[in-house]
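# Per-entry structural report
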Amino acid sequence: MDETTGEDIDWAPASKYAVGSIIVSTPERALYFVTGPGEARRYSVGVGREGFQWSGTSTIVNKAEWPTWRPPAEMIKREAAKGHMLPAEMAGGPENPLGARAMYIGGKLYRIHGTNSPGSIGTAASSGCIRMMNADVIELYDKVKIGARVYVYQ
């Protein structure tokens, strides 16, 4: 498994959020997990590429270990137009693009998840999901509760 990018930091903005909240800063390619007043654990992440970035506030509604990947119909169509055929469904495992864990944000479209492409961490490469190293997403998954608030900023 990969090394973790997680780092415990003093982070003044954490005081504005409840302990257990997740804050994603798209421009920084960083995810902050609030651990206490003025304290957070910071991770490097991959974010949505141009045209797929978003911002907003939501909650974690579900969590899955080695999740099954079901690409949305629009992604299947978009990739097919480029000559890349995606399966309708892919079982969880090391080759699965969702990696070791997934935390579903507000529904089924966007997730915080692991990756089978560690080189994409720190870049804008996804279709809107927040990608983490598998070691990082396993660590975070164990700390995040269903109902945790998620804030994504551009």
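This one's a predicted model, so the numbers in the text were calculated from it and none came from an experiment.

Conventions we followed
Residues numbered from 1 in each chain as written. Predicted model: local features only at pLDDT ≥ 70, side-chain atom pairs only at ≥ 80, totals over all residues. Heavy atoms only, no water. Helix = DSSP H or I, 4+ residues; strand = E, 2+ residues; numbered from the N terminus. UniProt positions renumbered as here; feature names shortened; annotations may be inferred. Buried < 20%, exposed > 50% of the residue type's maximum accessible area, 1.4 Å probe, protein only. Contact = heavy atoms within 4.5 Å. Polar contact = N/O pair within 3.5 Å; in protein donor to acceptor, adjacent residues only side chain to side chain. Salt bridge = Lys/Arg side-chain N within 4 Å of Asp/Glu carboxyl O.

Glycine aside, residues mostly have negative phi angles, and peptide bonds mostly take the trans form. Its identity as a non-glycine residue notwithstanding, Arg-29 has a phi of 55 degrees, on the positive side. With respect to the helices and strands, Arg-29 occurs in the loop between β2 (22–25) and β3 (30–36). A positive phi angle is found at Trp-66, which is not glycine, with a value near 40 degrees. Residue placement: Trp-66 occurs in the loop between β6 (56–65) and α1 (73–81).

Moving on, we come to the UniProt feature "active site" (unreviewed entry) in the chain. Mapped onto this numbering, the UniProt entry gives "active site" (unreviewed entry) at His-113 and Cys-129. Separation in sequence by 17 residues is not matched in space for these annotated residues, since their most distant C-alpha atoms are only 7.5 Å apart. Following the sequence through the fold, His-113 ends up in strand β8 (residues 110–113). Of the residues examined, His-113 reaches a relative accessible area of 4% and is grouped as buried. The contact partners of His-113, leaving out residues within four places of it in the chain, are Pro-97, Leu-98, Arg-101, Ala-102, Cys-129, Ile-130, Arg-131, Met-132 and Val-137. Within the secondary structure, Cys-129 is located in the loop between β9 (124–126) and β10 (130–131). Here Cys-129 is in contact with Gly-46, Val-47, Gly-48, Leu-109, Tyr-110, Arg-111 and His-113, once residues within four sequence places are set aside.

This paragraph deals with the environment of Ser-120. Relative to the helices and strands, Ser-120 is located in the loop between β8 and β9. C-alpha separation for the pair Ser-120 and Tyr-32, spaced 88 residues apart in sequence, amounts to 18 Å. At a separation of 2.7 Å, a polar atom in the side chain of Ser-120 contacts the main-chain carbonyl oxygen of Ser-117.

Among all positions in helix α2 (residues 134–143), only Asn-134, Ala-135, Asp-136, Val-137, Leu-140 and Tyr-141 are buried. In this fold, the buried residues of α2 make contact with β3, β4 (39–44), β6, β7 (101–105) and β8.

This paragraph deals with the pattern of salt bridges. Counted by the stated rule, this structure contains 6 salt bridges. Between Arg-70 and Glu-89 there is a salt bridge, with the nearest N and O atoms lying 3.0 Å from each other. Taken together, the positions of Arg-70 in the loop between β6 and α1 and Glu-89 in the loop between α1 and β7 put the pair 19 residues apart, joining distant regions of the chain. Accessibility expressed as a relative area gives 48% for Glu-89, which makes it partly exposed. Between Glu-79 and Lys-82 there is a salt bridge whose closest N-O contact spans 3.1 Å. Among the charged side chains, a network of salt bridges with common partners joins Asp-8, Arg-41, Glu-139 and Lys-143.

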